[in-house]
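# Coordinate analysis (summary)
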Amino acid sequence: MTLWSGRFDTAPDPAAFDFGVSFGFDRALFEDDITGSLAWADALGVAGVLSPDDARAVADGLRAILEEGRHDPAFVAGPDEDVHSFVERKLVERIGDAGRRLHTGRSRNEQVSLDLRLYLKRRIPALQHQAAVLVEACAGQAERAGLALMPSYTHMRRAQPVLVAHYFLAHAAALRRDHARLAAAAHEADALPLGSGAVAGTSYPIDTARLARTLGFSRLVSNSLDASSDRDFVAAFLYAAALAMVHLSRLAEDLVIFTGEEHAFFDLADASATGSSMMPQKKNPDPLELVRGKAGRAIGRLTGWLATMKGLPSGYNKDLQEDKEAVFDAEATLQASLRAAHAVVSRLSLNAERAERAASGLLLATDVADYLVARGMPFRRAHEVVGALVRRLLAEGRDFSTLTLEEWRAASELFGDDVPQAATALASVRARQTPQSTNPAAVGAALEECRAWLKSCGLGI
Ligand code: ARG
């Protein structure tokens, strides 16, 4: 028995009906569906559409169903087309005819939009929390690293020395943008669609502003026709999730490289690595590789959803049912990946000596050029002088630290005996002057600011 069988002569063909059944996955909306129906019953009562007795019976019945479903998840099951049909069937079984009045003036089109909006508003904060927990792990690594140095890269070639703390705070910065993007997606979902009816609005005097307040929405949708098919809030969420996964994937890629034998700036803890069934020496970064791999899946959910939306004519279309599995899968993928990334990052150990050695040598060339600029040489000229020096050192298999004062002076008269102190990785980071730079004082301030942000998220020391 469906919610719509009255109009039909024959029972549906299972091949067609089963294909459209969504209860297998939209049961995740059980709580939100009841939250919405409780508010709708109240609104019908206030509007005088439901008698006070019926309104009370419906509310009591819905609460009992919610209790039972919370207590026993296996209760939320049956041959129903979707979660909305399930709740209505259970209500009628429990309270009889009064239950048949609940759907007055309401359509599943707005109901499903409401449920998914409530779901996202309820669940997004858990993702934000998990992102903040990962930021905290990055800040912890930054704190422990102190003045430790490592190379930064451009084009995957050694570029300039940076503090290890600066490196971890770089990933924290991207994750904090994800946190804000998730908040923006929750805000996009934060409009009440009830009152839209099937598509043209409802013909009962529903106080939608009151209903919005009851359900915790900050605003109403502005157009019922738009609202019946608007899933921009789903796209916004999938975008936030996909971009967060892109960031996690880049972090994972970095750490696969930096924990490998060739770099070995960091060691993976045994607890966050796996072994090989054949090669006894292997310690594989499986969790990182899986995070990187799952980014493809999250991106697929976003692009798949955009492709579904683009062909839809105005008003509700059943294609929209595809939104839910995309949301649930992207959510689960992001949540699990954030946790896995946290497990790895929080247990990474730094090989300070090895990282610093990689941050020394010819990647100090810019600092050597800046030394000449500080003594009056035009930068383009200094670039040439130092370039020639680098060419020679490369040919001889040496670096700046092996040059004698005479050799420095042969390259340029402007070099003085203080040049060896200027051409170190630590001097290089100390020479940076801007607040976003790797200057130790700037990084210290950035870490402070990050700690304050974590505190505003209810985390941190
Ligand atoms: N399961 C449907 C969905 O997810 C619920 C809305 C059904 N509305 C309808 N007119 N068939 O979109």
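In case you missed it, the structure is sitting above this.
Residues numbered from 1 in each chain as written. Predicted model: local features only at pLDDT ≥ 70, side-chain atom pairs only at ≥ 80, totals over all residues. Heavy atoms only, no water.

## Considerations on the packing of helix 6 (residues 108–145) against helix 10 (residues 232–258)
The geometry of helix 6 relative to helix 10 is characterised by a closest axis approach of 11 Å and an angle of 20° between their N-to-C directions. Relative to helix 10, the element helix 6 lies roughly parallel. With respect to the hand of their crossing, helix 6 and helix 10 are arranged in left-handed fashion. Where helix 6 approaches helix 10, its residues Ser113, Leu116, Arg117, Leu120, Ile124, Leu127 and Leu134 are matched on the opposing element by Phe233, Val234, Phe237, Leu248 and Leu251. (Axes fitted to C-alpha atoms, helices over the stretch in contact; angles between N-to-C directions. Helix = DSSP H or I, 4+ residues; strand = E, 2+ residues; numbered from the N terminus. Parallel < 35°, antiparallel > 145°, perpendicular 65-115°, else oblique. Left-handed = near helix turned anticlockwise from the far one by under 90°. Contact = heavy atoms within 4.5 Å.)

## Some words on the side chain of Glu81
One can find Glu81 in the loop between helix 4 (52–71) and helix 5 (83–95). In terms of polar contacts, Glu81 uses its side chain to reach the side chain of Trp4, at 2.8 Å. A distance of 3.2 Å separates polar atoms of two side chains, one belonging to Glu81 and the other to Arg108. If near-sequence neighbours (up to four positions away) are discounted, Glu81 is found in contact with Thr2, Trp4, Phe17, Val21, Ser22, Phe23, Arg108 and Lys318. (Polar contact = N/O pair within 3.5 Å; in protein donor to acceptor, adjacent residues only side chain to side chain.)

## What about the nonpolar core?
Counting residues in each nonpolar core, the largest one holds 113 residues, and the members touching the most others are Phe237 and Phe266. Here the element with the most residues in this core is helix 6; it accounts for 17 residues. Excluding anything up to four places from it in sequence, Phe237 contacts Leu120, Ile124, Leu127, Leu182, Ala185, Val327, Ala330 and Glu331. The next biggest cluster of nonpolar side chains, apart from the first, holds 19 residues, and it includes Leu364, Tyr371, Phe400 and Val419. (Core = buried A, V, L, I, M, F, W, Y, C linked by side-chain atoms within 4.5 Å. Buried < 20%, exposed > 50% of the residue type's maximum accessible area, 1.4 Å probe, protein only.)

## Digging into the site of the ligand
Taken together, the neighbourhood of the ligand is formed by Ser22, Asp82, His84, Arg108, Asn109, Val112, Tyr316, Gln321 and Lys324. Asn109 places a side-chain nitrogen or oxygen 3.0 Å from a nitrogen atom of the ligand. At 2.7 Å from a nitrogen atom of the ligand is found a side-chain nitrogen or oxygen belonging to Gln321. Its free accessible area being 340 Å², the ligand has 86% of it covered by the protein chains. (Near = heavy atom within 4 Å. Areas by Shrake-Rupley, 256 points an atom, 1.4 Å probe, with all protein chains shown as cover.)

## Some thoughts on unusual backbone geometry
One non-glycine residue with positive phi stands out, namely His155, at about 55°. Locating His155 in the fold gives a position in the loop between strand 1 (149–154) and strand 2 (157–163). For His155, a relative accessible area of 72% gives the class exposed. The residue Ala264 is not glycine, and still its phi comes out positive at about 55°. Take Ala264: it is sitting in the loop between helix 10 and strand 5 (266–267). The exposure class assigned to Ala264 is buried, which follows from its relative accessible area of 13%.

## Details of the packing of aromatic side chains
Evaluated as defined, the whole model comprises 16 aromatic pairs. Relative to Phe266, the ring of Phe258 lies with its centre 6.5 Å away and its plane at 50°, an arrangement referred to as tilted. Judged on exposure class, the residue Phe258 and its partner Phe266 are both buried. The structure contains a cluster of three or more aromatic residues connected by ring pairs, namely Tyr153, Tyr167, Phe168, Phe258, Phe265 and Phe266. Stacked on the ring of Phe8, the Lys or Arg Arg7 has its end atom at 5.3 Å from the ring centre. For the cation-ring pair, Arg375 lies above Tyr371, with the distance from its terminal atom to the ring centre recorded as 3.5 Å. (Phe/Tyr/Trp six-rings, centres within 6.5 Å; stacked < 30°, edge-to-face > 60°. Lys NZ or Arg CZ within 6 Å of the ring centre and 35° of its normal.)

## Some points on the pairing of strand 1
As defined by bridge partners, strand 1 adjoins strand 2 across 5 bridges and the pair is classed as antiparallel. Residue pairing in the sheet places Tyr153 in a bridge with Arg158 of strand 2. Remark: 2 residues form the turn of the hairpin made by strand 1 and strand 2, two consecutive strands paired antiparallel; His155 in that turn has positive phi of roughly 55°. (Pairing = 2+ DSSP bridges.)

## Things to note about the side chain of Arg117
As for its position among the elements, Arg117 is in helix 6. There is a polar contact of 3.3 Å between the side chain of Arg117 and the backbone oxygen of Ala189.

## Observations regarding the packing of helix 4 against helix 5
One way to put it is that helix 4 packs onto helix 5 with a least axis distance of 9 Å and a crossing angle of 115°. Note on packing geometry: the crossing formed by helix 4 with helix 5 is right-handed. Each of Ala57, Val58, Gly61, Leu62, Ala64, Ile65 and Glu68 in helix 4 lies in contact with helix 5, whose residues at this interface are Val87, Lys90, Leu91, Arg94 and Ile95. A per-class count over the contact of helix 4 with helix 5 returns 8 nonpolar, 1 polar and 3 charged. (Nonpolar A, V, L, I, M, F, W, Y, C, P; charged D, E, K, R; others polar.)

That's the geometry; what it means functionally is another story.
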